[in-house]
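This is what each chain is made of:
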Amino acid sequence: MMAVAITGSAQLVQDFTYNHLGQAEGMWSQRVYSIQQTQDGAIWWATKRGVERYNGATIRHYELGDGSIFSSFAGRTIRLTRHDATLFAHDNKGCIYAFDEVLDRFEPVADLNKLMSGEVLLNDVAVTDEGMWLAMYQGVYLLKGDQLTALRQGLWTNCIIPTRFGLYFGTKQGLYDKQLKQVVATEVETGYYDQQYNNVWLGGFDNGIGVLSLDEHGAVVGQEFFSVGTQLQQSPIRSFCPYDDTTMLIGIDGLGVYAVSRNTPFSRCELLFDANEGRHGVLHGNGIYSIVKDRWQNIVIGSYSGGIDIARPVGSTMAVFEHVRDNLQTVANDRVNCVVQRGDQLLMGTDNGISILNTTSGMWQHTCQGVVVIDLFKTDDGRVLASTFGNGVYEVNAAGAARQLYNVAGGILKDDHVYASCIDQAGNLWMGCLYGDLVMTGVTGTHYYRVDNVQCILQLPSGEMAVGTANGIKLVAPDREEINELVYSPQGTDEVNRYVVCMYVNQGRELWIGTDGGGVYVYDLQSQACRQLTTQQGLPSNCVCSLTAGDDGRIWIATEQGLAFVAPREPDKAVDVNYCYGLAREYSSCAVARLDNGDILLGSTTGAVIINPKEVHAIDYTTRLHIRGVSCGDDDNDKFREQVQRMLDNDVLYLPYDKNTFDLYYESINLRYQFDIAYRYRVGDDEWSQLTDQQYIHFTNLAPGTHRLVLCAVSRTSGVVLDEKTLVITIAQPWWNSWWMWCFYVALVGLAFYGAWRIYQLHNKYMRLTIDYLQLSQNDSPSSVPLMDSLPSVPLKDLSPSVLPEDSPTSIPHKEGEARPSTNTGGLLGDGKDFVDRATKHIVEHLSESDFTIDKLCREMMMSRTLFYVKLKSYTGKSPQDFIRVIRLERAAVLLRNGSTVTDTASLTGFDNPKYFSTVFKKYFGVTPSKYRVGGDDEEV
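Residues numbered from 1 in each chain as written. Predicted model: local features only at pLDDT ≥ 70, side-chain atom pairs only at ≥ 80, totals over all residues. Heavy atoms only, no water.

K.L.:
Could you give an account of the pairing of strand 13 (residues 139–144), with specific residues and numbers?
P.N.:
Along strand 13, five of the six residues are buried, which leaves the element largely enclosed by surrounding structure. Inspection of the sheet shows strand 12 (residues 131–136) paired to strand 13 by five bridges, in the antiparallel sense. Opposite Trp-133, over in strand 13, you have Leu-142 as the bridge partner. With antiparallel pairing between neighbouring strands as the criterion, strand 12 and strand 13 make up a hairpin whose turn holds two residues. Inspection of the sheet shows strand 13 paired to strand 14 (residues 147–153) by six bridges, in the antiparallel sense. When the bridges of strand 14 are listed, Leu-143 appears paired with Leu-148. (Buried < 20%, exposed > 50% of the residue type's maximum accessible area, 1.4 Å probe, protein only. Helix = DSSP H or I, 4+ residues; strand = E, 2+ residues; numbered from the N terminus. Pairing = 2+ DSSP bridges.)

See below:
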């Protein structure tokens, strides 16, 4: 990015700052054929590869066609045109497209290759209510729907010029009106109708520029053709663009942009921009094909090889000076440490010497190269003193030549690291150093003061010298050696930042003190009262770099994070103005100069900038926040996009549950202040997001329900909300949580309860039949035991003593509140006892295996899980899981009584987790395992 002040042409369009868009910024191709601006403020341009859209922050690409016919790219040119709110694109191969905002793509409108035979060469399209007018090398055609009508064949038609009287057609044979009657016999390559002056501008391929004057009926009442030299006459005219009431911009292929008088054609015609060396050389290509002035007065220029150049008219920012590598006609280094004006010269001290700009000729010269220049001071006789880091003090004469004036070797300075210099009213020169003493030299000789770490020096109205240092402000009187301290702490506090960077005396009454980290202190020289301005009062940063006043009395404060001002009517409020182009930067210490014309020159770590204070105010621009659409991934179809757009038009969004992960796209366009626009949002009562440049929000698995999204476009500088949108987002419930699924769940649960009840009834019926059968069998067998002893209510602990360990205690513990079990196991009949004994035996064999599951036990028993469950439940009253657990716990009780530790016991009985074992054991026996052990000693688990 660079800037230049235009002379001559500057009388037409003032000065401009520039930036460039090319492939490095995201363009597909730097070969630009056509530019248009749509109603939302976005800039569109057509390149060889397709169409691109620029919203000030990002470039979006659009292809025309599916690209399956590779030959269509050979020699392809694409142009854009607008009709009402619709943007059309066409290529020279005969394909016409219209942009669909909802689908966010160009839709085919017509393919002339299918409507006519032979070669197709389409040069221009104009859309009216009558249809599409086509300028082709075969002639003039009108397309209505699928009906193509040849209106005039044999005319090589280059362009169509819409006027309020109808269409004109520019051809190789001349200019023709809507009735296709010849008006002018000279070749016309491009044209433009100037409604304000009722003129038709004509551009030829190699015959210069013409202007036709029309009367109120559209009749030609005058014509004039003009060219500047042979070169202009032989170059194709590609574009016309009115800039203001007096200036017409003309894009010339190979020559750049010219400014021509609009109200009195050809009374003035001069070069404005080109890509050559010199003060006009601000573009990146001379082959200008299209020029558009946007709604913010920016000039957007497209060239055949240089991409897009944007010329922004200066308002607040008059010029920006930045170093360009290997270009001596720029500032020598971007680190501009100090600035001063001397007549028509602007001197800038940098880390690579002094750069001098002659504002009359626009030429640069450089001196003291290789020297770090920290401070510049202009004397009354026109000399400039340059304080340097390590090389003492230089003197620069009016011709720009420099010589070393003072240094340690010369016997004046005690340190060559000079940070500030100043001449007092008596003509004494003061020089402040980093490590050495403060020096005063003049007619009375040379005097030294024990003051170091000097940052700045100025003389107060009282005559005392105020020396700003890293340790406060020292007051030194030229006529005495006494050094005093200026106490500038605000009333009510003893805390003060003593690292003074810069000072400024305002109207002889106030001393403004800029500090490194403490903001600004305003010290009243009469009352000695002091107040403080910090970021809480609106400063961009508390690290203040320079101070000065404008013609209107406002104090300008440059900081490490931008620029602000304090108005006299609001002395306790700082206004951040970083929203202005080029002002949001890190400024250098004491690098400020108020110019003769009232402008202010400021040095920074990224070059220098001139501002016009009259054009800088509190934030005063507007922008519109627009939600562009929603994307849920690659499965978005056209129907979904249309539905989403209809919902967004009503500030609502309803999405099914399977689309609860999506991106919401939005933008605010103001190409003048785009760099200042940021975004923030919140959902519901959540906290606001951080400010971001990102122009989309990614939602991941947004919960079902209704969410209120508040989205704001915010000034990054001041925090002012520029526009706000509220969107109510509803995510549908998942199918498994829908009302009809809940009906199904209720029905399913009811069916399950009914099934369980029926099974219970059948089980009871089966058990009654079984018991009746067993009673009959017992009556027939006198050796049988009483039936009550065989009921399955007997606890499992006593069912199978034959397979329990031999060292089982005779008194088996039991759960608290449970009846003590009987040791009689003979109550089970033969099959039941054998079944329980076998099951118990298998469990004991695998007792220490924690992964011994019910399925493994069923395999050992060689029966299905269902059959095993029914039999075990009928014989013991226990479920298989309870059956296994009880046997493990009974074995654990034996081991604990034999002195085994709780941890070992848990492992031997198949419990992986000792804590879980203790919990289960206590629940079963009523005591913890540690208390159950022999001896009763507790053990930590």
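K.L.:
A description of the state of the cysteines should follow, citing residues and the corresponding values.
P.N.:
The final tally for this structure, using the stated rule, is zero disulfides. Cys-590 supplies the cysteine sulfur nearest to Cys-502, a cysteine that is in no disulfide, at a spacing of 5.4 Å. A residue is classified by how much of its surface remains accessible, and Cys-502, at 2% relative accessible area, is buried. (Disulfide = S-S within 2.5 Å.)

K.L.:
So what about the packing of aromatic side chains? Which residues, and what values?
P.N.:
For the structure on display, the rule yields 43 aromatic pairs. Aromatic ring contacts, followed pair by pair, group Phe-911, Tyr-916, Phe-917, Phe-921, Tyr-924, Phe-925 and Tyr-932 into a single cluster. In this structure, Lys-172 is placed above the aromatic ring of Trp-156, and the distance from its NZ or CZ to the ring centre is 5.3 Å. Just above the ring of Phe-640 sits the side chain of Lys-659; from NZ or CZ to the centre is 4.8 Å. (Phe/Tyr/Trp six-rings, centres within 6.5 Å; stacked < 30°, edge-to-face > 60°. Lys NZ or Arg CZ within 6 Å of the ring centre and 35° of its normal.)

K.L.:
Describe the pairing of strand 35 (residues 373–378), and please don't skip the residues or the numbers.
P.N.:
Relative to strand 36 (residues 384–388), strand 35 runs antiparallel, the two being bridged by five bridges. Paired with Val-373 across the strands is Thr-388, a residue of strand 36.

K.L.:
An account of the pattern of salt bridges is needed here, citing residue identities and associated values.
P.N.:
The tally for this structure, following the rule as stated, stands at 29 salt bridges. Residue Asp-437 is joined to Arg-450 by a salt bridge in which the shortest nitrogen-to-oxygen separation is 3.8 Å. Placement of the pair is Asp-437 in the loop between strand 40 (429–433) and strand 41 (438–442) and Arg-450 in the loop between strand 42 (445–449) and strand 43 (454–459), with a sequence separation of 13 residues. By relative accessible area, which is 15% here, Asp-437 ends up buried. Shared partners join several salt bridges into a network, and the residues in it are Asp-40, Arg-53, Arg-60, Asp-104, Arg-628 and Glu-667. (Salt bridge = Lys/Arg side-chain N within 4 Å of Asp/Glu carboxyl O.)

K.L.:
So what about the sheet that holds strand 43? Which residues, and what values?
P.N.:
Spatially, 43-44-45-46 is the arrangement adopted by the four strands of the open sheet, whose pairing is antiparallel. The two strands at the open ends of the sheet, each matched to only one other strand, are strand 43 and strand 46 (483–486). Recorded for the sheet is a direction-independent mean angle of 30° between the axes of neighbouring strands. (Axes fitted to C-alpha atoms, helices over the stretch in contact; angles between N-to-C directions.)

K.L.:
Any chance you could break down unusual backbone geometry for me, citing the residues and the numbers?
P.N.:
Located in the positive-phi region is Asn-701, a residue other than glycine, with phi close to 50°. Its identity is not glycine, yet Met-862 carries a phi of approximately 55°, on the positive side. Residue classification places Met-862 among the exposed residues on the basis of a relative accessible area of 71%.

K.L.:
An account of the side chain of Ser-715 is needed here, citing residue identities and associated values.
P.N.:
The residue Ser-715 is located in strand 63 (residues 705–715) in this model. Polar contacts involving the side chain of Ser-715 include one to the side chain of Asp-676, which spans 2.7 Å. The contact partners of Ser-715, leaving out residues within four places of it in the chain, are Ile-619, Tyr-621, Asp-676, Val-720 and Leu-722. (Polar contact = N/O pair within 3.5 Å; in protein donor to acceptor, adjacent residues only side chain to side chain. Contact = heavy atoms within 4.5 Å.)

K.L.:
Break down the environment of Ser-874 for me, with residues and values.
P.N.:
Within the secondary structure, Ser-874 is located in helix 7 (residues 865–876). Given a relative accessible area of 15%, Ser-874 falls into the buried group. A C-alpha to C-alpha distance of 9.1 Å links Ser-874 and Gly-832, two positions 42 residues apart in sequence. Among the polar contacts made by the side chain of Ser-874, one reaches the main-chain carbonyl oxygen of Lys-871 at a distance of 2.7 Å.

K.L.:
Describe the confidence of the model for the protein, listing the residues and the values that go with them.
P.N.:
Overall, the prediction assigns the protein a mean pLDDT of 86, with 89% of residues at 70 or greater. Within the protein, the lowest mean pLDDT, 36, falls on strand 1 (residues 2–4), and the highest, 97, falls on strand 52 (residues 555–559). The low-confidence segment residues 935–941 (pLDDT under 50) makes 14 contacts with residues lying over four places distant or belonging to another chain. (pLDDT = per-residue confidence, 0-100.)

K.L.:
Before we move on, can you summarise the nonpolar core with the specific residues and values?
P.N.:
Counting 46 residues, the largest nonpolar core has Leu-563, Val-577, Phe-662, Phe-699 and Ile-729 as its most contacted members. It is strand 64 (residues 721–731) that contributes the most residues to this core, four residues altogether. Counting 29 residues, the second-largest nonpolar core is a separate cluster that includes Ile-59, Ala-89, Ile-308 and Leu-671. (Core = buried A, V, L, I, M, F, W, Y, C linked by side-chain atoms within 4.5 Å.)

K.L.:
Before we move on, could you go through a nonpolar patch on the surface and cite the residues and values that matter?
P.N.:
Together, Phe-744, Leu-748, Leu-751, Tyr-754 and Trp-757 line one region of the surface with nonpolar side chains, adding up to about 560 Å² of accessible area. Tracing the backbone shows Leu-751 in helix 4 (residues 739–780). Note on Leu-751: relative accessible area 55%, which makes it exposed. (Patch = residues over 30% accessible without salt bridge, like charges linked within 9 Å, V, L, I, M, F, W, Y side chains within 5 Å. Areas by Shrake-Rupley, 256 points an atom, 1.4 Å probe, with all protein chains shown as cover.)

K.L.:
With reference to specific residues and values, describe helix 7.
P.N.:
With twelve residues, helix 7 extends 16 Å between its outermost C-alpha atoms, agreeing within 8% with the 16 Å of an ideal straight helix rising 1.5 Å per residue. Every buried residue of helix 7 is accounted for by Phe-868, Leu-872, Ser-874 and Thr-876. Gly-877 sits one or two positions beyond helix 7 and adopts a positive phi of about 80°. (Expected span 1.5 Å × (residues − 1).)

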